[in-house]
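# Structure assessment
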Amino acid sequence: MKKVLISALIAALPGAAWADAKADEIARLKAQLQQLQQQVQQLQKAMEAVSASETAKTAATAAEEESKADLKERVAGMELKVDRLNTAANEGPIAGLSITGYLDPTYIYNRGMNSSGFQFLNHQNVYAYSNSTFGDVYLDIKKTFGVGPTAPSAEITIMPNRGSGNTLLDGGAGNNIINTAVINFPLSDTWSVNAGLQNSFGGYEVQQSNQMLTLTHGLLYDFSDPGSYVGAGFAWSHDVWSWKFMLANEQYRTHANIASNSNNQTTGLPVSKSNNTPSITARVDYNWSSALDLGWSFNAGKQTLLTSAAQNPQVPPANGCQAGNVGYGYQCTSANPYSNYFFTEADASYTLGDIQYNAEVDYGQQQNAAWSGGSAEWYGLSLLGHRKWMTESLGKMGATVRYDYLNNSKNGGGGGGVALNGNGFDGVNAFGISQDCVAAGSSDCKGANRQALTFDWLLFPTDQLTLKFEYRHDWASQNVFLRNDGSYRKSNDLIGAQAVYTF
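My aim in this report is to walk through the structure given alongside it, one point at a time. These numbers come from a predicted model, not from an experiment. (Residues numbered from 1 in each chain as written. Predicted model: local features only at pLDDT ≥ 70, side-chain atom pairs only at ≥ 80, totals over all residues. Heavy atoms only, no water.)

## Structural notes on the state of the cysteines
So the rule is basically this: Our working definition of a disulfide is a cysteine sulfur pair at a distance within 2.5 Å. The buried label applies to any residue whose accessible area, calculated with a 1.4 Å probe on protein chains only, is under 20% of its type's maximum; exposed applies above 50%, and partly exposed to all values in between.
One pass over the structure, following the stated rule, counts one disulfide. Each sulfur in the disulfide pair C437 and C445 lies 1.8 Å from the other. Disulfide C437-C445: torsion about the S-S bond near -95 degrees, hence left-handed. Using a relative accessible area of 17% as the deciding quantity, one classes C437 as buried.

Okay, structure coming up:
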């Protein structure tokens, strides 16, 4: 029995060992299963995160595509508007149209007249050195028909109160807002023809306040250089040379002037005479270098004689002429209302950086145009220097000095741009004979010679705004400056301030 039990135990030992091994394997498999479950859970979380990210990306992409589509639509609309504007600018009614200009309110103190105040837009057509082309609104309207150097153009400048239409044209009748009006038709890159109302070609000074380095004009601009012309001409420029030519009416006239003499002793009928002689004017410029320009101009023709009775002489001495003289001119001694006129000048302009120098010499004559009835003759000189610099406190500023001399003594003065009254003097601008000479009863009175020294200080707060402050001292060789108390002196002073805003 004992042997049987021992044999049975020995037989059962391998089964027990197998059972233990199986349990270990199951435990290890359970551990691996748990580990796999954890990994599956992690993968599921990762897949959910990726899925959420893809969903967000899809939504972002959709929003981006929508934004891009909206942007494309806006760009297309803007391109359409730009195309329309380009078409209008190049082909429409505003194609080639530009409007520029400036405003220049001015303050003037005149010592001789004991007057002071602002000058701006006041309709006063009396031209004087203290009341010339400043204190107005200036508009430049230009229309170019096409593009390139051969495109024709029409240009009109408007100055309602200080332009040629108000102060000079047709005897200063006024109420004409047009200052210049020019048609320009290029024939090639070098040749062009033009017609209309133009400023004269003489001198270095310009009319526009925003291009001037002083507040007032010089004596040569105001009283020696010719004024405006109506006519037609042509211009040529090539390399360093340029020149222009014009055939026109006499200066200051928009039509052929007609003078009448109602005192025809022979027939008793009115007699009228027209100035049918055209004026010829031309200018040549030579660009010596990029900084230096040399110019020369001339004018020739017949000019209306200023007359004591406004070019309509009556029986003397009612018109201020000497007894027995019935005609034209200050003393009514000329049988013709027009006389030969000739003017020439040479000028130079040097501009380099912030430095500018200008010079001009003039000579002019007109037959029977002097106060005494003889020929008028005048000549003059103008010199200008200007410099700009920068400061820390006031920014950019500049200073200008100008000296002018005008000799108008021959035969009592007159002629050109010097208009004397019937008594032979201009007390505002200080030309003509002195009252002392008239009181002495002299028959050989000399006209006054004029000089002026001008100082200007300029500030440039912005590119559009310029401020000018000027002191000017004028003097003459005789007592011809009329003062507010009725006396005459040899000198006068002006103090002025000006704001020029360009647009």
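## Remarks on the pairing of strand β16 (residues 376–391)
Condition: Pairs of strands are assigned from DSSP output, requiring at least two bridges between the strands. Helix and strand assignments come from DSSP, with helices taken as H or I runs of at least 4 residues and strands as E runs of at least 2, each series counted from the N terminus.
Summarising the sheet, strand β15 (residues 355–366) and β16 pair through twelve bridges and their orientation is antiparallel. Each residue of the ladder has a partner; that of Y363, found in β16, is Y379. Sheet topology note: the β16/strand β17 (residues 395–407) ladder contains 13 bridges and is antiparallel. By the bridge assignment, Y379 is partnered in β17 with N407. Between the end of β16 and the start of β17, which pair antiparallel, lie three residues.

## A word on a nonpolar patch on the surface
The cut-off we apply is this: Patch definition: residues above 30% relative accessible area lacking any salt bridge, with like charges linked at up to 9 Å and the nonpolar side chains Val, Leu, Ile, Met, Phe, Trp and Tyr linked at up to 5 Å. Using a 1.4 Å probe, the Shrake-Rupley method yields the accessible areas, and only the shown protein chains count as cover for residues. The rule for a salt bridge is simple: a side-chain nitrogen of Lys or Arg has to be within 4 Å of a carboxyl oxygen of Asp or Glu.
A contiguous nonpolar surface patch, about 460 Å² in accessible area, is contributed by F185, L187, W191, V193 and W243. Inspection of the secondary structure puts V193 in strand β7 (residues 191–199). Using a relative accessible area of 31% as the deciding quantity, one classes V193 as partly exposed.

## Description of the nonpolar core
As a reminder, the rule being used: Only buried residues count toward a nonpolar core, which is a set of Ala, Val, Leu, Ile, Met, Phe, Trp, Tyr and Cys residues joined through side-chain atoms within 4.5 Å.
Membership of the largest hydrophobic core comes to 37 residues, with the highest contact counts inside it found for F223, W378, L406, L420 and F431. Elements with a contribution of two residues or more to this core: α4 (219–223), β9 (241–248), β14 (338–352) and β16.

## Regarding unusual backbone geometry
If you check the backbone angles, L121 has positive phi at about 65 degrees while not being a glycine. Examined against the element boundaries, L121 turns out to sit in the loop between β3 (115–119) and β4 (137–144). Positive phi is not limited to glycine here, since N411 has a value of about 55 degrees. The exposure class of N411 is partly exposed, given its relative accessible area of 27%.

## Section: the side chain of S200
Going by this rule: The definition of a polar contact used here is a pair of N or O atoms within 3.5 Å, where within protein one atom must be able to donate a hydrogen and the other to accept one, and adjacent residues in sequence count solely through side-chain atom pairs. Should any heavy atoms of two residues lie within 4.5 Å, those residues are considered in contact.
Structurally, S200 is set in the loop between β7 and α4. Judged by relative accessible area, which is 18%, S200 ranks as buried. Of note is the side chain of S200, whose polar atom sits 2.8 Å from the backbone oxygen of P226. Setting aside anything within four residues of it in sequence, one finds S200 in contact with P226, G227, S228 and Y229.

## Section: the packing of aromatic side chains
Under the convention used in this document: Pairing of aromatic rings covers Phe, Tyr and the six-membered ring of Trp, with a centre-to-centre limit of 6.5 Å; geometry is then stacked below 30 degrees between planes, edge-to-face above 60, and tilted otherwise. In this scheme, Lys NZ or Arg CZ marks a charge over a ring once it lies within 6 Å of the ring centre and within 35 degrees of the ring normal.
Under the defined criterion, the tally for this structure stands at 15 aromatic pairs. For the ring pair F223 and F431, a centre distance of 4.9 Å and an interplane angle of 65 degrees mean the geometry is edge-to-face. Here F223, found in helix α4, pairs with F431, found in strand β19 (residues 431–432); they are 208 residues apart in sequence, far enough to count as distant. The pair F223 / F431 is uniform in exposure class, with both members buried. Here the guanidinium or amino end of R450 rests over the ring plane of Y129, the centre of that ring lying 5.5 Å away.

All quantities given are derived from atomic positions and should not be read as evidence of function.
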